[in-house]
Amino acid sequence: MAAWKSVGNGTLEGISSVPDLDASKLTITLANSLKPVPAPEQLVFGSVTTDHMLVVSFDPSTGWSAPEIKPYAPLSLDPMSSCFQYCTNIFEGMKAYIGPDGKARLFRPEKNMARLARSAERCALPPFNQDAVLTLIKRLVSVEKRWIPALEGYSLYIRPTIIGTRAALGVAASDHALLYIIVTPAGSFFKQAPAKPISLLAVSNSVRAWPGGTGGHKLGLNYAPGFLPQRVAVKQGYDQILWILGDVVTEAGVMNVFVAIKREEGDGVDVVTPELDGTILPGVTRMSVLELLQKEGTSAVERKVTITELKALSAQGRLLEVFLVGTAVLVASVGRIGLEGGEGDLVLPGPSPVAAAMKKRLLDIQQGREEYENWSVVCDDD
Ligand SMILES: *Cc1c(COP(=O)(O)O)cnc(C)c1O
């Protein structure tokens, strides 16, 4: 058994204590030659590797090692490693944007750190100091700043990852771990022009998440089971899956779902998103859209949404918008939803004013054109 236990804020407090993650121990080894940066228009999401990565390891007897930023390179791991056998693999998705002032900014990064800590706890991976990891991310973004395209909508996608590296086949928690952070320049998530609404296929015969399951955490093991249904949906002419649990709408692809509904009386609009019942990934974008709408005085609530309700609303002409949110896509509006059982497509009227307004507002905050509640955090102040 490891000689540490988790305390409230995710930092280490051992019975016989081992060192926690310490950002001040960072060493930086720069690459001898730098790679050419591709033209922004040619970027395919998540396919370009940059010059450097950050690596820090955990050993139950010595704690977290001194973090290193070093040239991007393959990892060397024992084939017995827990992550290869039992999927002890957790991650985060964040973006750094360049604003008109030339500064790189992160968006509410402390939310991602807290979620990473919850994912680590769920997989029984060692806890870590969240502030230290955030400091390291800022340093890595500063080192890789030349990779951020200084264009509207472009960013540097950041992928903090923790894998279990216990090299033994016994089915047990991994008491060894590797935390690494890689970055990749990102344009628009969907290859089609951002203005074109996306299509969803409602699917209930395979499920992404279930009550008591792990869908509310960002664990690698949640994603592979979605690849086959996604391939089938694309073959049927749809962009993404709308995941239905029984009758309940949960998420779409790997994005949170919002619905704008016309009130029965008058012109008012209610915006709803599925409540966090453990089957929904608590997205930072989701939380931000809810908060922005509520601050503006728009009715925006978390509650159960069913596909039966969407059909009824559509028939009454009250289903105004369905849109999807997440760090990678930001905000994408939905044009149609393919229904199961040969019921045809549920067609959204379009345009999507709520989605469009949220996308613009989020980008303004993320790129530093609007200062809002310290949501945007500058990386390279020092
Ligand atoms: C990451 C993710 C989201 C979006 O979360 P953000 O914090 O907004 O990026 C939504 N659903 C799933 C399943 C995810 O993995």
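Residues numbered from 1 in each chain as written. Predicted model: local features only at pLDDT ≥ 70, side-chain atom pairs only at ≥ 80, totals over all residues. Heavy atoms only, no water.

The chain goes by Branched-chain-amino-acid aminotransferase in an unreviewed UniProt entry, where it is assigned to Armillaria gallica. The UniProt entry for the chain carries this comment under Sequence similarities (unreviewed entry): "Belongs to the class-IV pyridoxal-phosphate-dependent aminotransferase family." The UniProt entry for the chain carries this comment under Cofactor (unreviewed entry): "pyridoxal 5'-phosphate". (UniProt positions renumbered as here; feature names shortened; annotations may be inferred.)

1. So, the domain arrangement of the chain
By the assigned domains, the chain splits into domain 1 (23–186) and domain 2 (198–367). Summarising the inter-unit geometry, the C-alpha centres of domain 1 and domain 2 are found 28 Å apart. Taken residue by residue, the interface counts 28 residues in domain 1 and 22 residues in domain 2. Surface buried jointly by domain 1 and domain 2 totals about 2,200 Å² across both partners, of which 61% is contributed by carbon and sulfur atoms. For the pair domain 1 and domain 2, the interface holds one salt bridge. Between Arg108 and Glu291 there is a salt bridge; the shortest N-O distance is 3.2 Å. In this assembly, domain 1 and domain 2 are joined by nine residue pairs in polar contact (both at pLDDT 80 or more). Counting only elements with at least two residues in the side of domain 1 that touches domain 2, the list comes to β5 (89–91), β6 (94–98), β7 (104–107) and α2 (109–122). (Domains from an automatic or database assignment. Contact = heavy atoms within 4.5 Å. Buried area = accessible area lost by both parts, 1.4 Å probe. Salt bridge = Lys/Arg side-chain N within 4 Å of Asp/Glu carboxyl O. Polar contact = N/O pair within 3.5 Å; in protein donor to acceptor, adjacent residues only side chain to side chain. Helix = DSSP H or I, 4+ residues; strand = E, 2+ residues; numbered from the N terminus.)

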